[in-house]
Amino acid sequence: MSTNRELAKKIKSYRKKKKESITNASKAMGINRTYLSKLENGHLVPSLNVLNQLIKHYSLSQQESNLLSILANHGGGGFMLENFERKEEPRMEEKLITE
């Protein structure tokens, strides 16, 4: 299974485990419903900000947070990602959502 598909599957499984609709989950995290859908289907990779929203919303353990971070190519760290200041240009996935 590709890394992106594995990430998508995990994100969707967290929402299903919480028995939450995609609309309610996206509202609770303050992200666009379509964006969350694209994350869950493996069409996009979450930005650091969205990754932190997912971690907080689903109350993920440090181990799960680290795994998501690695799958999203943001390195490990989980909750500690909040302290990471990103200086690079937004990735293409992020540009698509803001245009």
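So, here's what we can say about the structure. (Residues numbered from 1 in each chain as written. Predicted model: local features only at pLDDT ≥ 70, side-chain atom pairs only at ≥ 80, totals over all residues. Heavy atoms only, no water.)

1. Concerning the overall build of the chain
Stated formally: Helical segments are the DSSP runs of H or I of at least four residues, strand segments are the runs of E of at least two, and each set is numbered from the N terminus. Partly exposed residues are those whose accessible area sits between 20% and 50% of the maximum for their type, while under 20% is buried and over 50% is exposed, using a 1.4 Å probe and protein chains only. By definition in these notes, contact holds between two residues if any of their heavy atoms fall within 4.5 Å. Accessible areas in this description were obtained via Shrake-Rupley with a 1.4 Å probe; residue shielding takes into account the shown protein chains only.
Check the secondary structure of the chain and you find 6 helices and 0 strands. Mapped from its N terminus to its C terminus, the chain presents α and β elements in the order α-α-α-α-α-α. Counting the 99 residues in the chain, one finds 40% classified as buried. Expressed as a percentage of contacts within the chain between residues at least 6 apart in sequence, the contacts between residues at least 24 apart total 53%. Of the roughly 6000 Å² of accessible surface on the chain, a fraction of 49% belongs to carbon and sulfur atoms.

2. Concerning helix α1 (residues 3–17)
In plain terms, the rule: For a helix, the expected span equals 1.5 Å multiplied by the number of residues minus one. Arc definition: it is the arc formed by the directions from the helix axis to the C-beta atoms.
Over its 15 residues, α1 extends 21 Å from the first C-alpha to the last, a length consistent with the 21 Å expected when each residue adds 1.5 Å. For α1, the set of buried residues is L7, A8, I11, Y14 and R15. Projected down its long axis, α1 carries its buried residues within an arc of 125 degrees, all on one side. Of the exposed residues in α1, those oriented more than 90 degrees away from the buried face are K9 and K17. As for α1, its buried residues are in contact with α2 (22–29), α3 (33–40), α4 (48–57) and α5 (62–71).

3. Re the nonpolar core
Definition in use: Nonpolar core, defined: a set of buried Ala, Val, Leu, Ile, Met, Phe, Trp, Tyr and Cys residues in which side-chain atoms within 4.5 Å join the residues together.
In terms of nonpolar packing, the biggest core is built from 21 residues, with L7, M29, L36, L39, L54 and Y58 touching the most fellow members. Looking at this core, the elements with two or more residues in it are α1, α2, α3, α4 and α5. With 4 residues, α4 is the largest single contributor of residues to this core. With sequence-adjacent residues up to four places away left out, Y58 is seen in contact with Y14, R15, K18, E20, A25 and M29.

4. Brief notes about the pattern of salt bridges
Definition in use: The term salt bridge refers to a pairing of a side-chain nitrogen on Lys or Arg with a carboxyl oxygen on Asp or Glu at a separation within 4 Å.
Tallied over the entire structure, the rule returns 2 salt bridges. Between E64 and K10 there is a salt bridge, and its shortest N-O distance comes to 3.9 Å. Separated by 54 residues along the polypeptide, E64 in helix α5 and K10 in helix α1 bring together distant segments of the chain. A relative accessible area of 24% means that E64 is categorised as partly exposed. As a salt-bridge pair, E40 and R15 come within 2.6 Å of each other at their nearest N and O atoms. Of this pair, E40 sits in helix α3 while R15 sits in helix α1; the two residues are 25 residues apart in sequence, bridging distant segments of the chain.

5. Things to note about the packing of aromatic side chains
Quick reminder of the rule: Pairing of aromatic rings covers Phe, Tyr and Trp, the last counted by its six-membered ring, and requires centre-to-centre distances within 6.5 Å; plane angles under 30 degrees mean stacked, over 60 mean edge-to-face, and any other angle means tilted.
All chains considered together, the criterion is met by 1 aromatic pair. Considering the side-chain rings of Y14 and Y58, the 6.0 Å spacing of their centres and the 35 degrees angle between planes classify their relative orientation as tilted. In this pair, Y14 is assigned in helix α1 and Y58 in the loop between α4 and α5, connecting sequence segments 44 residues apart. The class for Y58 is buried, based on a relative accessible area of 10%.

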